[in-house]
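Read off the chains here:
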Amino acid sequence: MRFKPDQFWSYFEWLFEQGGLFQGFLLTLVLAVLGFLVGYLVSLARSGPSEGFYAVAKVIREFFRVDLPGTSWRRIVAIGRLAFKEALRRRVLVIVAIFVVIIMFAGWFLDTESSNPARLYISFVVTATNYMVLLLALFLSTFSLPAEIKSRTIYTIVTKPVRPTEIFIGRVVGFGTVGTVVLVVLGVLSYLFVVRGLRHDHADKSFSASEMVGETTLDRSHKHTFKIGPEGLGVTSEANGHQHTVKRTTQDGRDVFVFGPAQGELGARIPVFGKLRFTGADGNEGSGVSVGYESEYHQWIEGASLMSAIWKFDQINESSFPNGLMMEMSLGAFRTYKGDIVTGVRGTIVLRNPDPESNVESDRIPFVVQEYQLDRRQIPVTVKGTKDKQSVDLNLFKDLAPNGELEVIIRCEDSGQYFGMAAADVALRAGDMPFWWNFTKGYVSIWLQMMIVICFGVMFSTFLSGPVAIVATLSFLILGFFGGLATDVINNKKEGGGPVESLIRIVTQRGVMTDLDLGNQPLERVIKAVDRGIMESLELLTSGLPNFNNLGTSDFLAYGVNLFGGLLGRHMTMTLGYFVLTCIVSYFFLKTREMAA
Amino acid sequence: MSVQTAPESTATKAANSDVVIETRNLSKVYRDFWGRKKVHALKALDIEVRKGEIFGLLGPNGSGKSTTIKLILGLLFPTSGRAFVFGKEAGDVSKNERIGYLPEESYLYKFLNAEETLDFYGRLFDMPASVRRERTNELIQMVGLQRARRRQLKEYSKGMTRRIGLAQALINEPDLLVLDEPTTGLDPIGSREMKDLILRLRDQGKTILMCSHQLADVQDVCDRIAILHQGDLKELGRVDSLLKVRDVTEVHARGLSDAAKNEIADVIKKHGGQLVQMDNPTTTMEELFLDIVRESDQRPGHRGTGG
Amino acid sequence: MKLASFRRKLIYIIAIVVLLVPVFILGQPSVPGKSDGTGSSQGGTLAQIRERYNIGQADLGQIDPASESMKLATLGLRGVASTILWQKAEYYKKESLWERYAATLNQISLLQPHFINVWEHQAHNLSYNISVEFDDYHQRYEWIKKGIDYLVKGTKFNKRQPILQWDLGIYTGQKIGTADEQTYYRELFRNDTEYHSHLVSEGLDVRTPDALGVDQKPDHWLVGRLWFMKSYDLVDGGAYCRKSPHIYYSDGPKCQLRFCEAIEKEGILDERAKYQWIKASEWWREYGNRDVLTTWGHTVKMNGLDAAKEVYKQGLDAFNAYVGDAREKLMASLRDNLSAEDKALIDAPADSLNMDQRRRIGSIMGRMQPTTLAVAGSVAVDKRSKAIELGTKVNDAAEFLSHLESYRTQVNYDYWQIRPIAEQNDVTLRARQKMFDADTKLTKADVDGALADYDAAWVDWYKVFARWPRMMTDDAGIDVMNSLKRYKRVLDKDYPEDFVLAEFVKFKEQYDKGGFDFEVEKFLEKWNKQAEEIGKDEMNFFKETMPREMVDQIDNNLLEPKSPEKKPSTDSQPPPTEPSTAVPVTGSESTQPAAPEAPAAVRPPKLENPSLPK
């Protein structure tokens, strides 16, 4: 999987250093001003300038003075319970049945022969659960309120001392509870499905008693070799990301081997990422180069030059890494000439104390690049190195990272060849999390997405009819996906320009790669400016929308990476933000809506 | 018999704590999607409902009585004018604490049973569990649904639905009860029971605003009525005084011979009167109502002054 | 009430059942028959229609449920769905997310399993474009296999699309065998027993003797040939393939040729190589006998050159005999019409002319050559129609001949015919062996041994080149030149004056510089003539350079009663690499006049792994 650097920010780093809080604040401000303006305009049209202003002010005042303090938890629970009962009455549990059917048949379609069945299985169940739960949330949340307004049951609610906030929160709570129940059921089913689906067994195919090594049969398109220790116990080699234990017993003079269940297939590595910087060809701080790939994910350093990639890690301490550092690398290699086909491109790793005064660095640790796979490398606690140019044995934690900070420098050694890297391509593995825990966290992430959908669904249903609310919610969510598009258009990464320019190109049948040559410079400038304005406002708008691309975390489960607490916390905060936002918007809509109209 | 019709100033109203509902110049125009005027549902209504009385809104379908009730409850917003309940704006949620509302048809949750329904509405009044239980039992007893308390509302007959609707409206022991067509769909016995209940509630000191097109209901229970037609207030006053036709003298007698009847007729003739009818009296409420409707149709826009 | 609802439900159920009947009849899948012919069924109407249009994978048990449900799931928006998936795949490719890329491809192909270009295009991506992105050649090999597997999957969905099988032949043969990593790839393929099993389970018997290399392990070139043969079977069975037939049919036999080249490079230069070359020769001849449809509409046989020449010659003779001296007369009149200057030019002695003038003469002479029909038109009126008839025949024969020649050039038919013959010659094998030994010794720093072997090799090579001058300009020539370079480096001085390959070196240097020029052509002409002479008495020519026992053997064979042209009787004489009796057909009425020694000399060599070049 591929991490974006923002994914491994810690929570507080995101909140304070990366401007999460500031952005949220800014967004709140923008939305508040925007909301006030829209409200005032509507009110203006209804009842004139001064009266309109008075009306808006009154609603705002009431929100803070009356309705917010008057919000009662008991009423919320009452409405929530009602929503829950209503949902059950609408047979939401059918979705569980559908899911069971899907995973029953999924066994047919999922390729157990694939090189990494665990990944396939997990992605499948997580994605299926995700879609089903979101769909459920969408339908539940959008249809309820319009249905009540239509059937006028809402009359008996709003003529009670029920606050608009309670109508919104109660529904969110109720549907959230339904969704949670469904999600938990689906989660348990998924977990069992994954664990059971991956269970497999091997038998021994060959065994050499003299060397005590053997080979297992080919099951699920993989096999292991194994070595039996003196006690008749052993482990197999790693294949498809897992190992088995082996026990050798003798029965009737024949060897009998008992293989244990797969281990390590389902796990959650805890990676620690660092910050990446480069030294350029002149040896000074610089950046990597491009080798001409379209993708800009990697930056490249040239071999046998002064270029190097430097990762700076912090929080390197003995308690996190008692056995030294487990480095996990997935560098790219690029050859400008084919060279030696058999051996890969070579490089070296150097560990360095980031404090330039200390003058401590390890000797070069040579390695050969392994592309597109995780290259694991154990760095022991004691490494050979130099201190003040004296060759000594260095202690990782005392000499190299005395205050928890450590630099890892990677260079390419083959001249003319290149290494490509991004910040996430070198990680230190600080142990593992149990799979079930990671699985739970993954489902919490689905839960958060579900809550966002519910919030938006209920919000739209406060002023739209059911089907329209569904479409609106969907559009809102889909719009979130296109935030990147707007950014790309602004930065000229997408050819063909903005909406106006594109339209002109379509009509005049001009390709996207050609210049927009209208023979009128000022006109072109105007068009581009208009496009830019449209796309920038779109970008601003979409930046405030939930981007389900980023909220999805199924990759973490599938690739066995511990879902970062920071990321989850961030998503939680964002979900809370959306909750508050939709709550306020809903309040104003409910407050200003004639229920009997 | 004084009939209160004059609009009061806010000051006097505040002083006069007797007034439970007050509308001032209350108007409602329904508009279509494009904001074009569709229906002028209510035109400058001024009424006052005082504490402890049963006030009836009477009018044919579409006369604006439901609109009035919805405006008073805050379900609709007035196009102009204002409505006050307990001295608070109709849009204010807190007024609902003291209001019980029985909608035209009992728009309740069909998948709940009587207990759950009452419990749910009790929660909406933020009532603690013990109080809710007590009230629930009390009300179920009161509306006579003991046997059906665990049945889902969708299995209820119309009369039972009405009764649970009323129970729901009473859950908070309201000071003001707003009843929209309380007797619709009820059989004569049910209707009678409902009317008795309403009178009993009035006797407990509750103020009741009801609307109906059932003349008999209004006549039977209302202290005062307002007759609306096409959004206009046509009549307003005490039921007894409204029904008193001043230029008609009604004579009730028993055991008169034909000769005696002729004699009476002669006496009337002698005094320049005209014998209109000498028969068993008709339901005059209906007459009054029909008169108003007839007159209103002939002279649209004419507003009654009441009293 | 209750009764009514019950009756309604009953009616629904009956309606459902009634509607299911036609669905069943229409949609029933066909059941493949058992081996004894029982139990097969043609299936429902839909299955039959599918069969008719060759889109059927609908035998029961072969329906891919994933594909069917994918199609269902898109609710008729298959095109849209596959477009989205395609874009996704492009994105994954751009971002080097290969695993996802491969997974997306699978989804695309499930959506549009009968869209051949998808299979072809994406398999090419997998095997050719993505495999090279990996630094480790093991992984590259794995991705080549992924492309192959993708195509194999495609053949399951498209049973009558020979192009997929043809692609498989190309991938399995050429992609693996001509890559820079060929040495490693070949080795990986040889030992990839699980993949062999996989291929067998996919219906390609890679353990058939024809697919086994010299070490009794499947060789990718030969496996590739099997794919080609499958493809040919389909086309012969009536399927359409959009390739030019002459090239299309040459690819299979070429696999065997390329296989022979490959094992020679790996140092297999004994009887085993000889056996494989004989096989290659045989298959190439088979190809030559195949009827190939040309783009002009007639059918040719690649080895029908002599026959075509004969037809042409006979036609021309008949025509000339019929028209008598009409041609000469016409030429004379044309000559008379030349300008004085031109006439002078023609009559001038050849030595005195410069290049420009020579060219002029060429064009004049061209103008003076009357076409056949012009000649036919110049004869007397009463004979004219017959003359035109004969002339047309001649023209047709000439056209046929030229088409055939151009086809043969396109597939390099001549070369591939001669090459195996030359290569299976003992002297050639010995020349190669010596050279290989010398190269090997050189890497082990055994300079003296190397020089001795080289010297012996050059003598043999001289003979080989003399007999088959074409060898000078092909791979053999390149191999020899490369070894010569090494030789010269070791020698550390110029070649000796009487160096046996001196002429070759001179020629080759000239040739490499600019292909065919005048000098080169003159040289080749000379050598070709010489080769023709040698060909007449090849035995003796090679005999001189052969060791005594070899010569004896040849003599014995010659004296044996059976015809020297006769191939080894295959049932009694197992091929060298295969101990089993299952043997490819190698016997045929050979028209191979150049077979230098009776193939009876072919002996099964010891079965051992060939030593690979270090």
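Here the structure is shown first, and the text comes after it.
Note that the coordinates shown come from a computational prediction; the quantities given were computed from them, not determined experimentally. (Residues numbered from 1 in each chain as written. Chains lettered and ligands numbered in written order. Predicted model: local features only at pLDDT ≥ 70, side-chain atom pairs only at ≥ 80, totals over all residues. Heavy atoms only, no water.)

J.: I tried to follow the interface of chain C and chain A on my own but got confused; where do I start?
T.: In many reports, interface size means the accessible area that the parts give up when they come together. Taken together, the contact between chain C and chain A spans 20 residues of the former and 23 residues of the latter. Overall, the association of chain C and chain A removes approximately 2,000 Å² of surface from exposure, summing both partners, and the carbon and sulfur fraction of that is 47%. Scanning the region where chain C abuts chain A turns up five salt bridges. One salt bridge in this structure joins A:Arg335 and C:Asp135, with 2.5 Å as the shortest N-O distance. In this assembly, chain C and chain A are joined by ten residue pairs in polar contact (both at pLDDT 80 or more). Put simply, the parts of the chain that give the side of chain C that touches chain A at least two residues each are helix 3 (65–73), helix 5 (98–111) and helix 7 (137–157) of chain C. (Contact = heavy atoms within 4.5 Å. Buried area = accessible area lost by both parts, 1.4 Å probe. Salt bridge = Lys/Arg side-chain N within 4 Å of Asp/Glu carboxyl O. Polar contact = N/O pair within 3.5 Å; in protein donor to acceptor, adjacent residues only side chain to side chain. Helix = DSSP H or I, 4+ residues; strand = E, 2+ residues; numbered from the N terminus.)

J.: Help me out: how do you make sense of the environment of B:Lys206 in this one?
T.: Residues and elements named next belong to chain B. Here Lys206 is to be found in the loop between helix 6 (188–203) and strand 8 (207–212). Taking relative accessible area as the criterion, Lys206 reaches 11% and is therefore assigned buried. Between the C-alpha atoms of Lys206 and Gly185, which are 21 residues apart in sequence, the distance is 24 Å. Residues in contact with Lys206, not counting those within four places in the same chain, are Gly52, Glu53, Glu173, Pro174, Asp175 and Leu201. (Buried < 20%, exposed > 50% of the residue type's maximum accessible area, 1.4 Å probe, protein only.)

J.: So what exactly am I meant to see when it comes to the interface of chain A and chain B here?
T.: Listed by partner, the interface residues are 32 residues for chain A and 29 residues for chain B. Approximately 3,000 Å² of surface area, both sides summed, lies buried where chain A meets chain B, with 64% of it carried by carbon and sulfur atoms. Interface area lost by chain A to chain B is led by A:Arg74, A:Thr159 and A:Lys160, which between them contribute 22%. Where chain A packs against chain B, one counts three salt bridges. When the shortest N-O distance is used, the salt bridge between A:Lys85 and B:Glu116 registers 3.8 Å. At the surface where chain A touches chain B, the tally comes to 13 residue pairs in polar contact (both at pLDDT 80 or more). Taken together, the elements giving at least two residues each to the side of chain A that touches chain B come down to helix 4 (73–89), helix 6 (117–151) and helix 7 (153–158) of chain A. The dominant element in the side of chain A that touches chain B, judged by the number of residues it contributes, is helix 4 of chain A, at ten residues. A class-by-class count of the residues in the side of chain A that touches chain B yields twelve nonpolar, six polar and 14 charged. (Nonpolar A, V, L, I, M, F, W, Y, C, P; charged D, E, K, R; others polar.)

J.: Looking at this model, I keep getting lost on helix 13 (residues 271–289) of chain C. Mind explaining?
T.: Every α-helix winds through 3.6 residues per turn, so residues three or four apart in the chain are directed the same way. Residue and element names in this part refer to chain C. In a regular helix each residue adds 1.5 Å, so 19 residues correspond to 27 Å; helix 13 covers 27 Å between its end C-alpha atoms and thus fits that length. Of all the 19 residues making up helix 13, 16 are buried; the element is thus mostly covered by neighbouring parts of the structure. The N-terminus of helix 13 is capped by Asp270, whose side-chain oxygen sits 3.0 Å from the backbone nitrogen of Arg272. (Expected span 1.5 Å × (residues − 1).)

J.: Where do I start with the packing of helix 21 (residues 426–443) of chain C against helix 23 (residues 475–491) of chain C in this structure?
T.: The relative placement of two packed helices comes down to the angle between their axes together with the axis-to-axis distance. Residues and elements named next belong to chain C. Where helix 21 contacts helix 23, the axes come no closer than 11 Å and their chain directions differ by 40°. Judged on the interaxial angle alone, helix 23 and helix 21 are oblique. At the point where helix 21 passes helix 23, the crossing takes the left-handed sense. Here Arg432, Met435, Asp439 and Leu442 of helix 21 lie close against helix 23, whose contacting residues are Ala476, Asp479, Val480, Ser483, Arg486 and Val490. Here the contact of helix 21 with helix 23 is composed, by residue class, of five nonpolar, one polar and four charged. (Axes fitted to C-alpha atoms, helices over the stretch in contact; angles between N-to-C directions. Parallel < 35°, antiparallel > 145°, perpendicular 65-115°, else oblique. Left-handed = near helix turned anticlockwise from the far one by under 90°.)

J.: When you look at the environment of B:Leu201 in this model, what are you seeing that I'm missing?
T.: Residue and element names in this part refer to chain B. Note on placement: Leu201 falls in helix 6. Judged by relative accessible area, Leu201 falls into the buried class, the value being 3%. For the pair Leu201 and Leu170, spaced 31 residues apart in sequence, the C-alpha to C-alpha distance is 9.8 Å. Those residues in contact with Leu201 that sit more than four places away from it in its chain are Met142, Leu170, Leu177, Lys206 and Ile208.

J.: Can you help me understand the pairing of strand 4 (residues 233–236) of chain A in this one?
T.: Residue and element names in this part refer to chain A. Burial along strand 4 is one-sided: Gly234 and Thr236 are buried, and none of Leu233 and Val235, which face the opposite way, are. When strand 3 (residues 225–228) meets strand 4, the two strands line up antiparallel, connected through three bridges. If you follow Lys227 over to strand 4, its bridge partner there is Val235. Where strand 3 folds back onto strand 4 in an antiparallel hairpin, the turn is made up of four residues, including Gly232, whose phi is positive at roughly 80°. Looking at chain direction, strand 4 and strand 5 (residues 245–251) are connected through three bridges and run antiparallel. Bridging from a neighbouring strand, Gly234 pairs with Val246 of strand 5. (Pairing = 2+ DSSP bridges.)

J.: I'm lost on the nonpolar core in this one. Help?
T.: Nonpolar side chains in soluble globular proteins tend to be buried together. Counting residues in hydrophobic clusters, the biggest one holds 94 residues, and the most contacted among them are A:Ile157, B:Leu57, B:Phe120, B:Ile164, B:Leu176 and B:Leu209. Look past the residues within four positions of B:Phe120 in its chain and what remains in contact with it is A:Ala78, A:Ile79, A:Leu82, A:Ile157 and B:Tyr109. Of all hydrophobic cores here, the second largest spans 81 residues; its members include C:Tyr101, C:Ile108, C:Cys241 and C:Ile268. (Core = buried A, V, L, I, M, F, W, Y, C linked by side-chain atoms within 4.5 Å.)

J.: Could you clarify how one ought to interpret a nonpolar patch on the surface in this entry?
T.: All names here are of chain A. Taken together, Phe25, Leu29, Val33, Phe36, Leu37 and Phe53 make up a surface patch of nonpolar side chains, about 580 Å² in accessible area. Top element by residues in the nonpolar patch is helix 2 (residues 20–47). It accounts for five residues. Examined against the element boundaries, Leu37 turns out to sit in helix 2. For Leu37, a relative accessible area of 44% corresponds to the partly exposed category. (Patch = residues over 30% accessible without salt bridge, like charges linked within 9 Å, V, L, I, M, F, W, Y side chains within 5 Å. Areas by Shrake-Rupley, 256 points an atom, 1.4 Å probe, with all protein chains shown as cover.)

J.: What am I meant to see in unusual backbone geometry here?
T.: Negative phi values dominate among residues other than glycine, just as trans dominates among peptide bonds. A positive phi is found at A:Gln509, a non-glycine position, where the angle reads about 55°. By the secondary structure assignment, A:Gln509 is in the loop between helix 13 (499–508) and helix 14 (521–543). Since its relative accessible area comes to 72%, A:Gln509 is described here as exposed. Backbone geometry at B:Phe86 places phi at a positive 50°, although glycine is not the residue there. Within the secondary structure, B:Phe86 sits in the loop between strand 4 (80–85) and strand 5 (88–89).

J.: Can you help me understand the state of the cysteines in this one?
T.: Residue and element names in this part refer to chain B. Scanning the model with the defined rule gives zero disulfides over all chains in all. Residue Cys211 stays outside any disulfide, its sulfur separated by 10.0 Å from that of Cys222, the closest cysteine. Of the residues examined, Cys222 reaches a relative accessible area of 7% and is grouped as buried. (Disulfide = S-S within 2.5 Å.)

Note that every value here comes from positions in space, so none of it alone points to a role or purpose.
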